[in-house]
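Summary of structural features
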Amino acid sequence: MDAAASCGTLLELCKQLHAHKPLSTNVWLIWVDGEESLEGEWNDAKALIGSTHFATTMAADKTRFPEGLAKRMRVLVLLDLLGDKNLKID
């Protein structure tokens, strides 16, 4: 349920962003999931495998990010645990 709720929210966000283009900035929507499918003992490194890969890969791309990934990224919104029955978003 958790991953489905987050994916559904991202898909609706895509639809809304598309309806309001052109946008004044680039928007990247990334899906990182499946860390639970890794074998072995659960640890913090496994919990971040997708986001770590994204950040490492993008930071190494000097063509897109000649001044580094942090220089281009303005906002990060993490959509996780949206399927929780006691959802509370601050």
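See the structure above.
A brief look at the structure comes next.

Procedures and definitions
Residues numbered from 1 in each chain as written. Predicted model: local features only at pLDDT ≥ 70, side-chain atom pairs only at ≥ 80, totals over all residues. Heavy atoms only, no water. Helix = DSSP H or I, 4+ residues; strand = E, 2+ residues; numbered from the N terminus. Buried < 20%, exposed > 50% of the residue type's maximum accessible area, 1.4 Å probe, protein only. Contact = heavy atoms within 4.5 Å. Phe/Tyr/Trp six-rings, centres within 6.5 Å; stacked < 30°, edge-to-face > 60°.

1. Here's the deal with the environment of leucine 79
- Note on placement: leucine 79 falls in the segment after helix H4 (69-72).
- Here leucine 79 falls in the partly exposed class, since its relative accessible area comes to 26%.
- Separated by 48 residues in the primary sequence, leucine 79 and tryptophan 31 place their C-alpha atoms 9.6 Å from one another.
- Among all residues touching leucine 79, those that are not within four sequence positions of it are Ser6, Thr9 and Leu10.

2. Some remarks on the packing of aromatic side chains
- Throughout the structure, instances matching the rule amount to 2 aromatic pairs.
- Both rings, one in tryptophan 28 and one in phenylalanine 54, keep their centres 6.1 Å apart while their planes meet at 80 degrees; by these two values the pair is edge-to-face. Of this pair, tryptophan 28 sits in the loop between helix H1 (2-19) and helix H2 (44-47) while phenylalanine 54 sits in helix H3 (residues 49-60), and the two are 26 residues apart along the sequence.
- Taking the relative accessible area as the measure of exposure, phenylalanine 54 reaches 18% and is therefore buried.
- Judged by centre distance (5.6 Å) and plane angle (65 degrees), the rings of tryptophan 28 and phenylalanine 65 are edge-to-face. Of the two residues, tryptophan 28 is situated in the loop between H1 and H2 and phenylalanine 65 in the loop between H3 and H4; the sequence distance between them amounts to 37 residues.
- Accessibility expressed as a relative area gives 39% for tryptophan 28, which makes it partly exposed.
- Taken together, the ring pairs connect Trp28, Phe54 and Phe65 into an aromatic cluster.

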